[in-house]
Amino acid sequence: LDASHIKVHQDASNPAGGQTAQAMGRTKGGLNTKLLAWVDARGRAVQVSLAAGQRADVRAASEAPWPKQMRATIAVADKGFDSDAFRAQIRQRGCGVCIPSRSNRHAPAAWHRGYYRQRHKVENFFQRIKRHRRIGTRYEKCDLYFLGFVQLAAILDWLKRPF
């Protein structure tokens, strides 16, 4: 699991219904959308969702839909997802948790360094789909259209990679 910011193009910055209704949010870098992705062990997308750019990673992930295939697996995420409530959500689904603790945590949680090394696969997934210009910069005003293009890029990524 990981999240990545996608810069919103200036032509897409004034959608009908407002920016918050279309998963756009202000950050220090300007208007952004946050893309959350669950990938499998081969680095292929299983679930993608959108959130406003200023939304915290852990809150956006807990509110997003969960992958249906997530049973008896180990969820690997970075320090941005370190929360007791989020860890409990993952464990309720019958999965293991490999999330390193933030530096200010009073009681550090245990995590496995070997599993955490596999997190580069989700970073590689973001790198591959952001090669598509339409994904690297959000040109669509409507979040459903943009999510559709992200899903199309994820499908193309599935087709390019060997099974």
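As a reminder, the structure under discussion sits directly above these lines.
Attention here is on the structure that accompanies the text. (Residues numbered from 1 in each chain as written. Predicted model: local features only at pLDDT ≥ 70, side-chain atom pairs only at ≥ 80, totals over all residues. Heavy atoms only, no water.)

## Brief notes about the nonpolar core
Of all hydrophobic cores here, the largest spans 18 residues; its most connected members are Leu1, Leu36, Met70, Phe81, Phe86, Ile90 and Ile99. Mapped onto this core, the elements with two or more residues apiece are β3 (30-39), α1 (57-63) and α2 (84-92). Every residue in contact with isoleucine 90, bar those within four places of it in the chain, is listed here: Trp66, Met70, Ala75, Cys95, Gly96, Val97 and Ile99. Ranked by size, the runner-up nonpolar core spans 16 residues in total, among them Ala37, Val48, Phe125 and Val150. (Core = buried A, V, L, I, M, F, W, Y, C linked by side-chain atoms within 4.5 Å. Buried < 20%, exposed > 50% of the residue type's maximum accessible area, 1.4 Å probe, protein only. Helix = DSSP H or I, 4+ residues; strand = E, 2+ residues; numbered from the N terminus. Contact = heavy atoms within 4.5 Å.)

## Points about the state of the cysteines
As used in these notes, a disulfide is a covalent bond between sulfur atoms, one from each of two cysteines. For the structure on display, the rule yields zero disulfides. Residue cysteine 95 stays outside any disulfide, its sulfur separated by 13 Å from that of cysteine 98, the closest cysteine. Residue classification places cysteine 95 among the buried residues on the basis of a relative accessible area of 7%. You can call cysteine 98 buried: its relative accessible area is 1%. (Disulfide = S-S within 2.5 Å.)

## Brief notes about the pattern of salt bridges
A complete count under the given rule lists 11 salt bridges for this structure. For glutamate 63, the salt bridge identified is with arginine 55, shortest N-O distance 2.6 Å. Notably, a salt bridge pairs arginine 105 with aspartate 82, separated by 3.0 Å at the nearest N-O pair. One end of the pair, arginine 105, is in the loop between β6 (96-98) and α3 (113-116); the other, aspartate 82, is in the loop between β5 (74-76) and α2, and 23 residues separate them in sequence. Each of the two residues, arginine 105 as well as aspartate 82, counts as buried. A network of salt bridges, in which partner residues are shared, links Asp82, Asp84, Arg87, Arg102 and Arg105. (Salt bridge = Lys/Arg side-chain N within 4 Å of Asp/Glu carboxyl O.)

## Brief notes about unusual backbone geometry
Positive phi, close to 60 degrees, is recorded for alanine 23, a residue that is not glycine. With respect to the helices and strands, the residue alanine 23 is situated in the loop between β1 (2-8) and β2 (25-27).

## Concerning the side chain of serine 101
Take serine 101: it is sitting in the loop between β6 and α3. There is a polar contact of 2.7 Å between the side chain of serine 101 and the backbone nitrogen of alanine 109. Apart from the residues within four sequence positions on either side, serine 101 is in contact with Lys79, Asp82, Arg87, Pro108, Ala109 and Trp111. (Polar contact = N/O pair within 3.5 Å; in protein donor to acceptor, adjacent residues only side chain to side chain.)

## Overview of the pairing of β1
Working note: regular strand, side chains alternate between the two faces of the sheet. Of all seven residues in β1, five are buried; the element is thus mostly enclosed. Across six bridges, the pairing between β1 and β3 is antiparallel. Looking at the pairing, serine 4 lines up with leucine 35 of β3. With two bridges connecting them, β1 and strand β7 (residues 137-138) associate as parallel partners. Considered in β7, the bridge of valine 8 is made with arginine 138. (Pairing = 2+ DSSP bridges.)

## A few points about α2
All buried positions along α2 are accounted for by Phe86, Arg87 and Ile90. The buried side chains of α2 occupy one side of the element, clustering within an arc of 100 degrees when seen end-on. Facing away from the buried surface of α2 by more than 90 degrees, the exposed residues are Asp84, Ala85 and Gln92. Considering only its buried residues, α2 is in contact with α1, β5 and β6. The opening residue of α2 is serine 83, an N-cap whose side-chain oxygen sits 3.4 Å from the backbone nitrogen of alanine 85. Phi for glycine 94, located one or two positions after α2, is positive at around 85 degrees. (Arc of directions from axis to C-beta.)

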